[in-house]
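Remarks on the overall topology
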Amino acid sequence: QVQLVESGGGLVQPGGSLRLSCAASTFTFSNYNMNWYRQPPGKERELVASISFSSSSTNYADSVKGRFTISRDNSKNTVYLQMNSLKAEDTAVYYCNAVHRLWKSDYWGQGTQVTVSS
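Within every chain, residues take consecutive numbers counted from 1 along the sequence as written. This being a predicted model, a pLDDT of at least 70 is required before a residue's local features are given, and a value of 80 or more before pairs of side-chain atoms are given or counted; all residues contribute to the totals for chains, interfaces and linings. Hydrogens and water are ignored here; the side-chain numbers use all heavy atoms of the structure.

1. Brief notes about the environment of I51
Rules: Only DSSP runs of H or I covering at least 4 residues are called helices, and only runs of E covering at least 2 are called strands; the numbering of each starts at the N terminus. For this analysis, residues touch if any pair of their heavy atoms sits within 4.5 Å.
Residue position: I51 is located in strand β5 (residues 46-51). I51 sits 13 residues away from V64 along the chain, and the two C-alpha atoms are 15 Å apart. Not counting the four nearest positions on each side in its chain, I51 is found in contact with N33, M34, S57, T58, I70, S71, R72 and V79.

This is the structure we're talking about:
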């Protein structure tokens, strides 16, 4: 079983920045494609950003392009989401998701709250 633990959430003002981290409990971390999802209050879960196992490919939702950056450090079993120019619409619970690149098994973190408000 892969355990994912998110951290770095909190309360920030509009225009501020925040970096989320997701630490995985497996030494085969490099075999997983990683995703960040978010779920705003009262809304459906949505995919925010993705990164391939080798970091050779990244994808972003249109709403965060140019503001968010996903990255990973396989030596630390950690994926990051750097969030800049935050807006109130970014308020949500953010979830880390791991999908094995071959077997397609997936795992979820517990989520971390991000609140953007003045």
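2. A few points about the sheet that holds strand β3 (residues 18-24)
Rules: Any two strands between which DSSP finds at least two bridges are classified as paired. Working convention: axes come from line fits to C-alpha atoms, limited for helices to the stretch in contact. Angles between N-to-C directions cover 0 to 180 degrees.
In spatial order, the strands read β1-β3-β8-β7; together these 4 strands make up an open sheet with antiparallel pairing. In the strand order of this sheet, the two ends are held by β1 (4-7) and β7 (68-73), each with one partner. Across the sheet, the mean angle from the axis of one strand to that of its neighbour is 15°, orientation sign disregarded. Here β3 pairs with strand β8 (residues 78-83) via 6 bridges, running antiparallel. In the sheet register, A23 faces β8, and the bridge partner there is T78.

3. Quick notes on the packing of aromatic side chains
Counted only if it meets this: By convention, a stacked pair of Phe, Tyr or Trp rings (six-membered ring in the case of Trp) has centres within 6.5 Å and planes under 30 degrees apart, an edge-to-face pair has planes over 60 apart, and any other such pair is tilted. Three exposure classes are used, based on accessible area relative to the maximum for each residue type with a 1.4 Å probe and protein chains only: buried under 20%, partly exposed in between, and exposed over 50%. As a reminder, the over-ring test applies to NZ of lysine and CZ of arginine, requiring each to be within 6 Å of the ring centre and within 35 degrees of the ring normal.
For the structure shown, the criterion picks out 2 aromatic pairs. For the pair Y32 and Y107, a centre-to-centre distance of 6.2 Å together with 65° between the ring planes defines the contact as edge-to-face. Of this pair, Y32 sits in strand β4 (residues 32-39) while Y107 sits in strand β10 (residues 106-108), placing them 75 residues apart in sequence. Measuring from centroid to centroid gives 4.9 Å for Y37 and W108, while their planes differ by 55°, and the two rings are tilted. Of this pair, Y37 sits in strand β4 while W108 is found in strand β10, placing the two residues 71 residues apart along the sequence. Taking relative accessible area as the criterion, W108 reaches 32% and is therefore assigned partly exposed. Sitting above the plane of the Y37 ring, R45 keeps its charged end 4.9 Å from the centroid. A cation sits over an aromatic face here: R101 above F53, 4.2 Å from the ring centre.

4. Quick notes on the pattern of salt bridges
Heads up, the rule is: Any Lys or Arg side-chain nitrogen located within 4 Å of an Asp or Glu carboxyl oxygen qualifies as a salt bridge.
Under the criterion given, the structure shown has 4 salt bridges. A salt bridge links E46 to R38; the nearest nitrogen and oxygen atoms lie 2.7 Å apart. Across the salt bridge formed by D62 and K65, the nearest N and O atoms sit 3.1 Å from each other. Take D62 and K65: they sit in the same class, and that class is exposed. Several salt bridges converge on common partners, so that one network encompasses R38, E46, R67 and D90.

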